[in-house]
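Residues per chain are reported as follows:
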Amino acid sequence: MNRNRASTFSVFLFSAIMMLIPVKVYSLEYVDGFSQLSDAFQGFVDPNSGSTSFPSLNIPEGGRAESLGSACTALADDISFFDYNAAASSVLKNTELALFHNSWISDSNLETIAATWRKGDLGMGAKLKCFYVPFTEYNDFGDRMASSYFSETTGVFNISYNFFNGYYFKGLALGANLKASWRAVPDYTDRTTGAIIKNSGLGQSGAAVMMDAGALLRFNVAKGFADRDPNLKIGFALQNIGIAFTGFGTAQGVTIDDSLPTAVCAGISYRFIKPVTICADFRQPINLIDFSRTEMWDAGIGVDVQITEIVEVMAGFRLKGANPRFSLGTEIELKQFTVDLNYTFDLTSSLNPVNHFSVGAKINFGDDGRYSRELQADGYYEDGIKYYANGQMDKAVEAWEQCLKLNPAFTPARNSINLVKNSTKLFDRVIDIQSLDY
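Heads up: these notes are all about the structure in this document. (Residues numbered from 1 in each chain as written. Predicted model: local features only at pLDDT ≥ 70, side-chain atom pairs only at ≥ 80, totals over all residues. Heavy atoms only, no water.)

1. Details of the overall build of the chain
- What the chain contains, in helices and strands, is 6 helices and 15 strands.
- Burial statistics for the chain: of 438 residues in total, 43% are counted as buried.
- The contacts of the chain with a sequence gap of at least 6 include a subset with a gap of at least 24, amounting to 59%. (Helix = DSSP H or I, 4+ residues; strand = E, 2+ residues; numbered from the N terminus. Buried < 20%, exposed > 50% of the residue type's maximum accessible area, 1.4 Å probe, protein only. Contact = heavy atoms within 4.5 Å.)

2. Quick notes on the pattern of salt bridges
- If you walk through the whole model with that rule in mind, you get 22 salt bridges.
- Through salt bridges that share partners, Asp-281, Arg-283, Glu-295, Asp-298, Arg-318 and Lys-320 make up one connected network. (Salt bridge = Lys/Arg side-chain N within 4 Å of Asp/Glu carboxyl O.)

3. Regarding the nonpolar core
- Ranked by size, the top nonpolar core spans 11 residues in total: Ala-377, Tyr-381, Ala-396, Val-397, Trp-400, Cys-403, Leu-404, Phe-410, Ala-413, Ile-417 and Val-420.
- Elements supplying a minimum of two residues to this core: helix 4 (370-389), helix 5 (393-406) and helix 6 (411-436).
- With 5 residues, helix 5 is the single largest residue contributor to this core.
- Beyond its immediate sequence surroundings of up to four residues, Leu-404 is in contact with Phe-410, Ala-413, Arg-414 and Ile-417.
- Counting residues in each nonpolar core, the second largest holds 10 residues, with Ala-88, Leu-92, Ala-98 and Phe-100 among its members. (Core = buried A, V, L, I, M, F, W, Y, C linked by side-chain atoms within 4.5 Å.)

4. Considering the environment of Tyr-381
- Mapped onto the secondary structure, Tyr-381 falls in helix 4.
- When the C-alpha atoms of Tyr-381 and Pro-412 are compared, they prove to be 8.4 Å apart, with 31 residues separating the residues in sequence.
- If we skip the residues at most four places from it in the chain, Tyr-381 touches Trp-400, Cys-403, Phe-410, Pro-412, Ala-413 and Ser-416.

5. Re the pairing of strand 10 (residues 276-286)
- Sheet topology note: the strand 9 (residues 262-273)/strand 10 ladder contains 10 bridges and is antiparallel. Considered in strand 10, the bridge of Gly-267 is made with Asp-281.
- Counted between consecutive antiparallel strands, the loop separating strand 9 from strand 10 contains 2 residues. (Pairing = 2+ DSSP bridges.)

6. Description of the packing of aromatic side chains
- Taken as a whole, this structure holds 15 aromatic pairs when the rule is applied.
- Arranged with centres 5.1 Å apart and planes meeting at 35 degrees, the rings of Tyr-381 and Phe-410 form a pair that is tilted. Of this pair, Tyr-381 sits in helix 4 while Phe-410 sits in the loop between helix 5 and helix 6, and the two are 29 residues apart along the sequence. There is no split in this pair, since Tyr-381 and Phe-410 are both buried.
- Through successive ring pairs, a cluster of aromatic residues spans Tyr-167, Tyr-168, Tyr-381, Tyr-388, Trp-400 and Phe-410. (Phe/Tyr/Trp six-rings, centres within 6.5 Å; stacked < 30°, edge-to-face > 60°.)

7. Quick look at unusual backbone geometry
- In this model, Asn-240 sits at a positive phi of 55 degrees, which is unusual for a non-glycine residue.
- Positive phi, normally seen in glycine, also occurs at Asp-368, with a value near 60 degrees.
- With relative accessibility at 36%, the residue Asp-368 sits in the partly exposed group.

8. Overview of the side chain of Asn-48
- Take Asn-48: it is sitting in the loop between helix 2 (28-39) and helix 3 (63-67).
- We classify Asn-48 as buried; its relative accessible area is 19%.
- Reaching out from Asn-48, the side chain makes a polar contact with the backbone oxygen of Thr-294 at a distance of 3.0 Å.
- Not counting chain neighbours up to four residues away, the residues in contact with Asn-48 comprise Ser-292, Arg-293, Thr-294 and Glu-295. (Polar contact = N/O pair within 3.5 Å; in protein donor to acceptor, adjacent residues only side chain to side chain.)

Set out below in structure tokens:
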């Protein structure tokens, strides 16, 4: 009996994530509207939904990424990259520290703290997030016996490197996350005495170790505007490859838990005009323990519009099973601080919508002088062009060499140096040929 009561904690977590709290229907039109929307997604009902352990790994942290429908496998342009593409830390513009709060469904919450650091083409990061939901135990008479929290806590360490970084092709970034999670189930009471049984929740608790891997390609395609950043990104990711354990402190001993929410992801983002970016991704879960219980694919799309230099507006849609999710958010940049606000509207086949909100705050610690060096390199390159136009070849080459010292990936400067050297060799050859005539 006690073990049956303890198992309700796992059921409750699944319900908090996959089910919706009933709400009062105020009008016939309200019911009809959501009924029609619900019927449109009936064909996507997934019988294997919720069959994995540590489902909190699938909950978005909130902020910018959630506002874009979580379609960030390729975009991955801020500190929320941890859950989407492990390769992105090596291409982020700035070193960042961020806090996220996501007020999820059924009184559950997700708190996250994350930090990134980049030196040249090397990127690193760390993150700690905790999902928690209150759980209260009642006896047969409806009296409250115990009250505590069910929680899942995950720590992440990231490392990545951007290979072949150049002026036109921005490189192939590869990265990995090393992750560890702990599921804490609170102790429950003895039904006869009402006393809390010490360590009784430990048997339902769990631990997991896993890793992510990511790849990111960035380059320009049909780019009709001037900007340093590439306008096309393609990303690939493997998420939550690992194993989970449960049964600690039980007579049966430690056993392997259900499969982790492992998935293969692919995404693309494209900026066709300077203020507007569109992104999309596709995610295919894989049950590594029982492939027959693999969940259905899910997909998302997002649009980012730069309204002013400090304000962006995002909108997104994600379909996972029969659960369409619509999201809207804004990002406001104030000097070294950036604030993300998100509203998400969830709907399942039950007709009952759930609205939840998230907020993120990011602190920008700068780019280690990368932008300043790029401006200096631009200046040397322009000086070299002026010297070249005036016939001062030696000074032109000297300026372009200074440019390459600041930015070794500045291909136009290297090509210009080669042009001058080849022209000089050709000129010397012509002189030699002319001297033979005399």
